[in-house]
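# Working through the structure, step by step
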Amino acid sequence: MTSALPDQPTDDTGSRRPATGEASETLPTAKTPRPPAPDGAHPGRFRQRVAVVIPAKDEARRIAATVRSARAIPNVDLVLVVDDGSEDNTQHVAREAGAVVVRHSHNRGKAAAMETGAAVVAMRDVPGRPERLLLFVDADLADTAVNTAPLVPPVLEGVADMAIAIIPPQVGAGGHGFVVGAARRAIAGMTGWTPTQPLSGMRCMTRAAFEAATPLARGWGVEVGLTIDLLRQGYVAVEIPCELRHRPSGKDFKGQLHRAAQYRDVQLAISARRVRRTVDVVRPHHPAP
């Protein structure tokens, strides 16, 4: 597992090299095997396709710009919006902007939307061709969604199984880093890797990595649970700076409620994985007969 920090040197794919002093100065190797080129395709020219999955709830004002921007990402041939029980016309706006849309009849949460999106992408994959990579994008990124493009090359080239966006400070954000700090410490303590932005929702992943982390943690704990589960199984993660802008939670009462719910869900995800780790340690291992 590998962390990629902004001040580290990059290679020509845009991915970040391991920090100075690590065991190797070469790029890490993803756990997920690279897919072979389809029959008849030139191996040097073959590029795996990418599906953008956008969980959305009441995002009619921003979803069209997000969809149009995501469609411009290289190697993307499918933009899928999972309308998670919206009460506005998110699904219609997204469809008119060029997305494939599936809808939950009621709000089931981000984790369920991600799982639905991955399942629909799998159904749309073409037999005989490699599975699409999954690029999860927040619905409120609007025109900056295209700036998640740097997350694709490290996964496409087999450097990482999951690439996570590091986003710049957001104007109007009202948090004090309490939830982020708790998540960062928990991930470091359970995996040995200290992420810069443990709650970042913009992630590119292989299908194998995503399936290895399911079922996902519920609520706002989905990213923390995803990171812990994958790193503990030996999958490789990197962080990549991306110039993204989204709608941050503010300092008002609504923003405080959001952060309280976020902290609750993050702690639930962490606690579940600590219990699971303890059970794995104490469970007796009987040799096969």
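For the structure, see preceding data.
Rules behind the numbers
Residues numbered from 1 in each chain as written. Predicted model: local features only at pLDDT ≥ 70, side-chain atom pairs only at ≥ 80, totals over all residues. Heavy atoms only, no water. Pairing = 2+ DSSP bridges. Helix = DSSP H or I, 4+ residues; strand = E, 2+ residues; numbered from the N terminus. Axes fitted to C-alpha atoms, helices over the stretch in contact; angles between N-to-C directions. Contact = heavy atoms within 4.5 Å. Core = buried A, V, L, I, M, F, W, Y, C linked by side-chain atoms within 4.5 Å. Buried < 20%, exposed > 50% of the residue type's maximum accessible area, 1.4 Å probe, protein only. Parallel < 35°, antiparallel > 145°, perpendicular 65-115°, else oblique. Left-handed = near helix turned anticlockwise from the far one by under 90°. Nonpolar A, V, L, I, M, F, W, Y, C, P; charged D, E, K, R; others polar. Phe/Tyr/Trp six-rings, centres within 6.5 Å; stacked < 30°, edge-to-face > 60°. Lys NZ or Arg CZ within 6 Å of the ring centre and 35° of its normal.

### Some points on the sheet that holds strand β5 (residues 162–166)
- Read across the sheet, seven strands follow the order β3-β2-β1-β4-β6-β5-β7 without closing on themselves; strand pairing throughout is mixed. The sheet terminates laterally at β3 (100–104) and β7 (237–241), the two strands that pair on one side only. The mean angle between the axes of side-by-side strands here comes to 20 degrees, regardless of whether they run parallel or antiparallel.
- In terms of strand pairing, β5 meets strand β6 (residues 203–205) through three bridges, oriented antiparallel. Bridged to Met 162 within β6 is Met 205.
- Lying over the sheet, helix α7 (residues 222–232) contacts β5, β6 and β7, oriented at roughly 35 degrees with respect to β6.

### Thoughts on the nonpolar core
- In terms of nonpolar packing, the biggest core is built from 40 residues, with Val 52, Ile 54, Ile 63, Val 67, Val 81, Leu 135 and Leu 151 touching the most fellow members.
- Secondary structure elements with two or more residues in this core: β1 (50–56), α1 (63–70), β2 (76–84), α2 (90–96), β4 (133–136), α4 (152–156), β5 and β7.
- In contact with Ile 63, not counting residues within four places along its chain, are Ile 54, Ala 56, Val 81, Thr 90, Val 93, Ala 94 and Ala 139.
- Leu 80, Val 179, Ala 183 and Ala 186 belong to the second largest nonpolar core, which has 37 residues in total.

### Focus on the packing of helix α5 (residues 178–191) against α7
- Axis separation between α5 and α7 bottoms out at 10 Å; the angle between their running directions is 15 degrees. Judged on the interaxial angle alone, α7 and α5 are roughly parallel. For the element pair α5 and α7, the recorded crossing hand is right-handed. Residues Ala 183, Ile 187, Met 190 and Thr 191 of α5 touch α7, and the partners they reach there are Val 224, Thr 227, Ile 228, Leu 231 and Arg 232.
- Taken together, the residues of the contact of α5 with α7 break down into six nonpolar, two polar and one charged.

### Quick look at the packing of aromatic side chains
- According to the stated counting rule, one finds two aromatic pairs in the structure shown.
- Here the aromatic rings of Phe 178 and Tyr 263 are separated by 5.2 Å at their centres, their planes lie at 35 degrees, and the arrangement is tilted. With Phe 178 in helix α5 and Tyr 263 in helix α8 (residues 253–282), this pair connects stretches of sequence that are 85 residues apart.
- Across from the ring centre of Tyr 235, 4.5 Å away, lies the NZ or CZ of Lys 31, which sits over that ring.

### Digging into unusual backbone geometry
- The peptide bond linking Thr 214 to Pro 215 adopts the cis configuration, its omega dihedral lying at 0 degrees.
- Of note, Asp 58 is a non-glycine position whose phi angle comes to about 55 degrees, a positive value.
- Along the chain, the position of Asp 58 falls in the loop between β1 and α1.
- With relative accessibility at 32%, the residue Asp 58 sits in the partly exposed group.

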